[in-house]
Amino acid sequence: MTLASTHTLKFEAPDRGEEAARADLYRLLAGLFYGPPAQDLLDAIAHAPSAGDGVLQQAWNDLAEACEEADAQKIRDEYESLFIGVGKPEIMLYASYYLSGFLMEKPLAALRDDLGALSLQRSESMPESEDHIAALCEVMRYLIESDDAVHNGLATQKQFFSTHLQPWAGEMCDAIMHHPQAVFYADVARLAKEFFEVETQAFDMA
């Protein structure tokens, strides 16, 4: 299994079950954070089934509404302004930055050890390091959908999430939501934050 994020998202009816819905949402977040969405993905989100109940439902509705009138080129410009830029990006999408203050530090080394234990490695086609938020969402998607009983078990999912996503992802989402240049990605970050909070609560009760 190699790590690679994709913009392709398959939307299904909501009766597929909670685990499939979780995997779909991780897949979507991986694609949106890995790069700006194409117009066909924006259209698919605008007409997709809802993602959950309560605050998660509202966050999904807000994103879907934003996608209805979204322009792919404007979102591309926003993505590049926020996450690429010239020199240091306005907002970092890497775990090491939030956990240590620097890129390519000890949190990334620890992550690589844990990925190795899961027999996962970064695809050569993916330019981002393994601690990019898109890569971590893709790992969670894989763990949920894996046919391996150990990988898809709640214990493995909880361990990976609590170690490599929970400690920092909320801070990253807040940084995006409060950035004055974030419009579309403010809605993406809000959905991500609400979803990660739901995941945290569910794992705490497991």
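These numbers were taken from a predicted model, which means no experiment stands behind them. (Residues numbered from 1 in each chain as written. Predicted model: local features only at pLDDT ≥ 70, side-chain atom pairs only at ≥ 80, totals over all residues. Heavy atoms only, no water.)

**Concerning the overall build of the protein**
Looking only at helices and strands, the protein has 10 helices and two strands in total. Secondary structure of the protein in N-to-C order comes out as β-α-α-α-α-α-α-β-α-α-α-α. Scaling as 2.2 N^0.38, a compact globule of 206 residues should have a C-alpha radius of gyration of about 17 Å, and the protein matches this with 16 Å. Each principal axis of the C-alpha atoms in the protein carries an extent, and together these give about 45 × 45 × 30 Å. Out of the 206 residues in the protein, the part that is buried amounts to 50%. Of all intrachain contacts in the protein linking residues separated by at least 6 positions in sequence, the fraction that spans at least 24 positions is 70%. Separation between the mean location of the 14 positive side-chain charges and that of the 35 negative ones in the protein comes to 4 Å. (Helix = DSSP H or I, 4+ residues; strand = E, 2+ residues; numbered from the N terminus. Rg over C-alpha atoms; globule rule 2.2 N^0.38 Å. Buried < 20%, exposed > 50% of the residue type's maximum accessible area, 1.4 Å probe, protein only. Contact = heavy atoms within 4.5 Å. Lys, Arg positive; Asp, Glu negative; His and termini not counted. Charge placed at Lys NZ, Arg CZ, Asp CG, Glu CD.)

**Notes on the packing of aromatic side chains**
Taken as a whole, this structure holds 12 aromatic pairs when the rule is applied. Their ring planes at 65 degrees and their centres at 4.7 Å tell us that Tyr26 and Phe195 sit as a pair that is edge-to-face. With Tyr26 in helix 1 (residues 18-34) and Phe195 in helix 10 (residues 184-205), this pair connects stretches of sequence that are 169 residues apart. A relative accessible area of 0% places Tyr26 in the buried class. Phe195 gets classed as buried once you look at its relative accessible area, which sits at 3%. (Phe/Tyr/Trp six-rings, centres within 6.5 Å; stacked < 30°, edge-to-face > 60°.)

**Brief notes about helix 1**
Taking 1.5 Å of rise per residue, 17 residues should cover 24 Å, and helix 1 covers 24 Å from first to last C-alpha, within 8% of that figure. Within helix 1, 13 of the 17 residues are buried, which leaves the element mostly enclosed by the surrounding structure. (Expected span 1.5 Å × (residues − 1).)

Structural measurements only, silent on function.
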